[in-house]
Amino acid sequence: MLFLANIQPDLQQQVRAQLPQARFVALDSMNLWIDIARDSLVAAIENVDCVILNDAELRQLTGKPNLVSAAREILSWTPAPGASPEGGRGPSVVVAKQGEYGAALVTREGFFALPAYPLESVIDPTGAGDTFAGGLVGYIAAHPDEQLSDELLRRAMAHATVLASFNVEEFGTERIVRLTGKEVAARIHELHAMTQFSGAPLQLRG
């Protein structure tokens, strides 16, 4: 497992090259690198499995008008023949961070979205995106014997969403350092209850 956190894209490529056999490689970035090092960032993205950006950055990077079309554009990027000594296959997962509105997961097979966990008070949003990205990759890393399926990715999204919700409750890492597994599991259960419904599909007439 390899998580290329938000650093200069050339450095991301250098780190990626050191782990050509990584099972899953995720990359985070930001608008600065899109502005000043776009070509290098695109080359880095072509050699990872998962791209994690906020929705505005996805649109900025691709020039597409909305999240879904931007994600589909990135999913079409693959290394040029012979240009990928790292063994990259091109991204198969795009995760769009949407702040207080949650996050979306786009793959070649489908789309999944989760709202943010509802909080009455947000003390410090700093680091929420980093906590989300680390939680997503960390959950996948914690399940090494499980196939990288849509189900696993959806559970990883829920885990990441919940961790980010704890992060914003206090300043810096104050809340995270006291966090327990039971607290995380309880909030995931609550998020699951909030985001499911039952009943037959609506029958439309006319």
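Given the structure is predicted, the values throughout are model-derived calculations rather than measurements. By convention here, each chain's residues receive numbers from 1 onward along its written sequence. Restriction of local features to residues with pLDDT of at least 70 applies here, the model being predicted, together with a cutoff of 80 or more for giving and counting side-chain atom pairs; totals for whole chains, interfaces and linings are based on all residues. Computation of side-chain values covers all heavy atoms of the structure but excludes hydrogens and water.

**Overview of the pairing of strand 5 (residues 103–107)**
Okay, so step 1: Under the scheme applied here, a residue whose accessible area is under 20% of the maximum for its type counts as buried, over 50% as exposed, and between as partly exposed, the area being computed with a 1.4 Å probe on protein chains only. Numbering of helices and strands runs from the N terminus, with a helix taken as a DSSP run of H or I at least four residues long and a strand as a DSSP run of E at least two residues long. In terms of burial, strand 5 is largely enclosed, as five of its five residues are buried.
Okay, so step 2: Every second residue of strand 5 is oriented toward a common face, with A103, L105 and T107 on one face and A104 and V106 on the other, all of them buried.
Okay, so step 3: Where strand 4 (residues 93–97) meets strand 5, five bridges bridge the pair, whose relative direction is antiparallel. The residue of strand 5 that forms the bridge with V93 is T107.
Okay, so step 4: Paired strands are those between which DSSP finds at least two bridges. What sits between the antiparallel neighbours strand 4 and strand 5 is a turn of five residues, in which G99 has the positive phi angle 55°.

**Here we look at the layout of surface pockets**
Okay, so step 1: Considering only enclosed or pocket space, the largest pocket measures out at about 660 Å³ in volume.
Okay, so step 2: Lining the largest pocket are 27 residues, and of these G99, E100, A128, G129 and A164 lie nearest its centre.
Okay, so step 3: Counting residues per element, the ones that place at least two in the lining of the largest pocket are helix 6 (128–141) and helix 7 (150–167).
Okay, so step 4: Residue contributions to the lining of the largest pocket peak at four residues, all from helix 6.
Okay, so step 5: Following the grouping adopted for this structure description, the nonpolar residues are Ala, Val, Leu, Ile, Met, Phe, Trp, Tyr, Cys and Pro, the charged ones are Asp, Glu, Lys and Arg, and the polar ones are all others, Gly among them. Each residue belonging to the lining of the largest pocket can be placed in one class, and the counts come to 12 nonpolar, 10 polar and five charged.
Okay, so step 6: Here a cavity is any set of points on a 1 Å grid over the protein atoms alone where a 1.4 Å probe fits but cannot get out, and a pocket is any open set with protein on both sides within 12 Å along at least 5 of 7 lines; a residue lines the site when it has an atom within 4 Å of a point. Grid points are joined across faces, edges and corners, and a volume is the space filled by probe spheres set on the points. One number sums up the size of the second largest pocket: a volume of about 260 Å³.
Okay, so step 7: Every residue lining the second largest pocket is counted, 13 residues in all, and those nearest its centre are F112, R154, R155, A158 and H192.
Okay, so step 8: Elements with a contribution of two residues or more to the lining of the second largest pocket: strand 6 (111–114), helix 7 and helix 9 (181–194).
Okay, so step 9: At five residues, the largest contribution of residues to the lining of the second largest pocket is made by helix 7.
Okay, so step 10: Its residues assigned to classes, the lining of the second largest pocket shows six nonpolar, four polar and three charged.

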